[in-house]
Structures are given as C-alpha cells and as structure tokens.
Amino acid sequence: MDESDLAPDPLSSLRAWLLDAAAVSSAPQAMTLATSTADGRPSARIVLLRGVDDRGLTFFTNHDSRKGEELAANPRAALVLNWWELGRQVRIEGLVEEVEGAVSEEYWAARPRPSQLAAWASAQSRPLASRDALRASYAEAEERFREGDVPLPPFWGGYRVLPEVVEFWVHGDDRLHDRIRYVRSGDAWRRERLAP
Ligand SMILES: Cc1cc2nc3c(=O)[nH]c(=O)nc-3n(C[C@H](O)[C@H](O)[C@H](O)COP(=O)(O)O)c2cc1C
C-alpha cells in the first residue's frame, strides 16, 4: 500500500474499504468494540457498524449494558475491523458520544419488529435465570405492544465514535505489512507509516 492509495481523510478511506469488504465478506460491518471502566479495566465485544459519516462511526446498543455503563463512566473506545479475505485491518480510537435521538429513532423504525421486541425483553448484560425467563419476557413485550408500533426504549440507542487515531493495515509478503496511521490534529489529519 502506498500513502497515495488512501484519501487525505481517514473516514473517506474507511468508506472505500467497507465497499471493498462488502464485495467479499459475509460480515463486512462486524467490528470489535473495546471499552473500559473508569479505573482502566478493558472489555471487548463485537457490534455492527451501522453508519460512517464525516463525524464518526455509529453503532446501536442498550445504554444500560456493560458497554453502555463503561462508556458512561469513560467515554473513550477503540474499534477494530478485520476483513480476512482482503488481508486488511482498520483500528480506530476516539471519544464516544450518544447519537441524537432522531438518529436512534430512524434506525429503530427500520428494525424488524421481533428485534424491537427483543430489545424490550432483554436487560442486556444482566444475569438471567433461564432461557425460559427470556422467552417469558419476550412474550410480555409482545402482549404490551400488541397494538401499533413498538416504541424506541428509553434505554436503547446509538453511539458515535469520533476518531482521533485511525490506522490502516494491509497484509504484506514475508510479514512486511503496511501500516499507515492518521492522527487528528485540530481539523486536519497527520499521516505516518508504522513498522509492522
Ligand atoms: C456478529 C455480531 C454482531 C453483534 N452486533 C451487536 C450490535 O450491533 N449491538 C449490540 O448491542 N450487540 C451486538 N452483538 C452482541 C455483542 O457482542 C454483546 O454480546 C452484547 O452487546 C453485550 O455486550 P456487553 O455485555 O459487553 O455490553 C453482536 C454480536 C455478534 C457476534
């Protein structure tokens, strides 16, 4: 990879790589999200990337989940996307903000009804007595919202990761991989090559 293969702005480069990934990967939007407690204990899980705009990367989840609680205490995250078929990886670090209510509402409205009911039924990350208890909770949600649309739960919505550092990695022969890192400085981006 040459520096000139990438756009001056990393979010444009990321959008281009996502298009390449969509052509070959069955899960191009799967990304690892790392958060940590205020005292620095990390945790990581996969979420789906639901949007990339000029501000950052958006995913949706339960605000009362473990990740949601960690982001409330420490609004910083790291993301990793990997597309094995392309020999590519992208790493992102930055501050995290909750998306505007209208953004969550729009995404929620596009979700299938069973997914909406499941969001109401699941106290995500909390201990659950049994699978039957989850089924019962789902049935309660079905009954509660029997008529009309299922509303957006107050505990559910989107987060936007605002990148400060973005690294593009490409597999190279003999482990001579390419790594180009963008670092935000004010409104501009500085680029540097890193040893693999
Ligand atoms: C492929 C894949 C996609 C996932 N997408 C999401 C997602 O977009 N949002 C979400 O809340 N959980 C998603 N999950 C589940 C999370 O990995 C995780 O189990 C859940 O969010 C609870 O994490 P927490 O307890 O650390 O908060 C996904 C899991 C997999 C394997």
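The coordinates are above.
Described in the following lines is the structure provided in the data block. Everything quoted here is computed from the prediction, not taken from an experiment. (Residues numbered from 1 in each chain as written. Predicted model: local features only at pLDDT ≥ 70, side-chain atom pairs only at ≥ 80, totals over all residues. Heavy atoms only, no water.)

## Let's talk about the overall build of the chain
Okay, step 1: Scanning the chain from terminus to terminus reveals five helices and nine strands.
Okay, step 2: Of the regular secondary structure in the chain, the N- to C-terminal order runs α-β-β-β-β-α-β-β-α-α-α-β-β-β.
Okay, step 3: The principal-axis extents of the C-alpha atoms in the chain amount to approximately 55 × 40 × 30 Å.
Okay, step 4: Across the 196 residues of the chain, 41% fall into the buried class. (Helix = DSSP H or I, 4+ residues; strand = E, 2+ residues; numbered from the N terminus. Buried < 20%, exposed > 50% of the residue type's maximum accessible area, 1.4 Å probe, protein only.)

## A look at the side chain of Asn 62
Okay, step 1: Inspection of the secondary structure puts Asn 62 in strand S4 (residues 57-62).
Okay, step 2: Looking at Asn 62, its side chain comes within polar contact range of the main-chain nitrogen of Asp 64, at 2.7 Å.
Okay, step 3: Apart from residues lying up to four places away in sequence, Asn 62 is in contact with Gly 68, Ser 122, Gln 124, Phe 155 and Trp 156. (Polar contact = N/O pair within 3.5 Å; in protein donor to acceptor, adjacent residues only side chain to side chain. Contact = heavy atoms within 4.5 Å.)

## Section: the site of the ligand
Okay, step 1: All residues in the neighbourhood of the ligand are listed as Arg 45, Ile 46, Val 47, Leu 48, Phe 60, Thr 61, Ser 65, Arg 66, Lys 67, Gln 124 and Ser 125.
Okay, step 2: Within the backbone of Ile 46, a nitrogen or oxygen atom sits 2.7 Å from an oxygen atom of the ligand.
Okay, step 3: Note that a nitrogen atom of the ligand is positioned 3.0 Å from one of the backbone N or O atoms of Phe 60.
Okay, step 4: For the ligand, the accessible surface in isolation is 620 Å², of which the surrounding protein chains cover 60%.
Okay, step 5: When residues of the shell around the ligand are traced back to their parent elements, those giving at least two are strand S2 (42-48), S4 and helix H2 (66-73).
Okay, step 6: Per element, the largest residue contribution to the shell around the ligand is four residues, and it comes from S2.
Okay, step 7: In the shell around the ligand, the residues fall into four nonpolar, four polar and three charged. (Near = heavy atom within 4 Å. Areas by Shrake-Rupley, 256 points an atom, 1.4 Å probe, with all protein chains shown as cover. Nonpolar A, V, L, I, M, F, W, Y, C, P; charged D, E, K, R; others polar.)

## Some points on the packing of helix H4 (residues 113-121) against helix H5 (residues 131-144)
Okay, step 1: H5 packs onto H4 with a crossing angle of 115° between their chain directions and a minimal axis gap of 8 Å. Read as a crossing pair, H4 and H5 show a hand that is right-handed. For the pair H4 and H5, the contacting residues are Pro 114, Leu 117, Ala 118, Trp 120 and Ala 121 in the first and Leu 134, Ser 137, Tyr 138, Ala 141, Glu 142 and Arg 144 in the second.
Okay, step 2: Grouping the constituent residues of the contact of H4 with H5 by class yields eight nonpolar, one polar and two charged. (Axes fitted to C-alpha atoms, helices over the stretch in contact; angles between N-to-C directions. Left-handed = near helix turned anticlockwise from the far one by under 90°.)

## Quick notes on the layout of surface pockets
Okay, step 1: Empty space within the largest pocket amounts to approximately 310 Å³.
Okay, step 2: Considering the residues around the largest pocket, the lining is formed by 16 residues, among which Phe 60, Thr 61, Arg 111, Gln 124 and Trp 156 are closest to the centre.
Okay, step 3: Among the elements of the structure, S2, S4 and H4 are those that each provide at least two residues to the lining of the largest pocket. (1 Å grid on protein atoms, 1.4 Å probe; cavity = no way out; pocket = protein on both sides within 12 Å on 5 of 7 lines; lining within 4 Å. Points joined across faces, edges and corners; volume = space filled by probe spheres on them.)

## Some words on the pairing of strand S5 (residues 76-83)
Okay, step 1: Of the two faces of S5, only the one carrying Ala 77, Leu 79, Leu 81 and Trp 83 is buried; Arg 76, Ala 78, Val 80 and Asn 82 on the other face are not.
Okay, step 2: Pairing analysis gives four bridges linking strand S1 (residues 30-36) to S5, with the strands arranged antiparallel. Following the sheet pairing, Leu 33 is matched in S5 by Leu 79.
Okay, step 3: Where S5 folds back onto strand S6 (residues 88-98) in an antiparallel hairpin, the turn is made up of four residues, including Gly 87, whose phi is positive at roughly 60°. (Pairing = 2+ DSSP bridges.)

## A closer look at H2
Okay, step 1: Looking at H2, one finds that the buried residues are Lys 67, Gly 68, Glu 70 and Leu 71. Around the axis of H2, the buried residues are gathered within 165° of arc, so they sit on the same side.
Okay, step 2: If you follow the buried residues of H2, they end up packed against S1, S2, S4, S5, S6 and strand S7 (156-170). (Arc of directions from axis to C-beta.)

## Section: the pattern of salt bridges
Okay, step 1: Going through the model one piece at a time under the given rule, you end up with 16 salt bridges.
Okay, step 2: Glu 100 is paired through a salt bridge with Arg 160; the nearest N and O atoms lie 2.9 Å apart. A residue pair is termed long-range when its members are at least 10 positions apart, and Glu 100 in the loop between S6 and helix H3 (101-110) and Arg 160 in strand S7 qualify at 60 residues.
Okay, step 3: Judged by its relative accessible area of 2%, Arg 160 is buried.
Okay, step 4: In this structure, the salt-bridge partner of Glu 192 is Arg 181, at a minimum N-O distance of 2.8 Å. Taken together, the residues span a long stretch of sequence, with Glu 192 in strand S9 (residues 188-193) and Arg 181 in strand S8 (residues 178-185) at a distance of eleven residues.
Okay, step 5: Owing to a relative accessible area of 24%, Glu 192 belongs among the partly exposed residues under this scheme. (Salt bridge = Lys/Arg side-chain N within 4 Å of Asp/Glu carboxyl O.)

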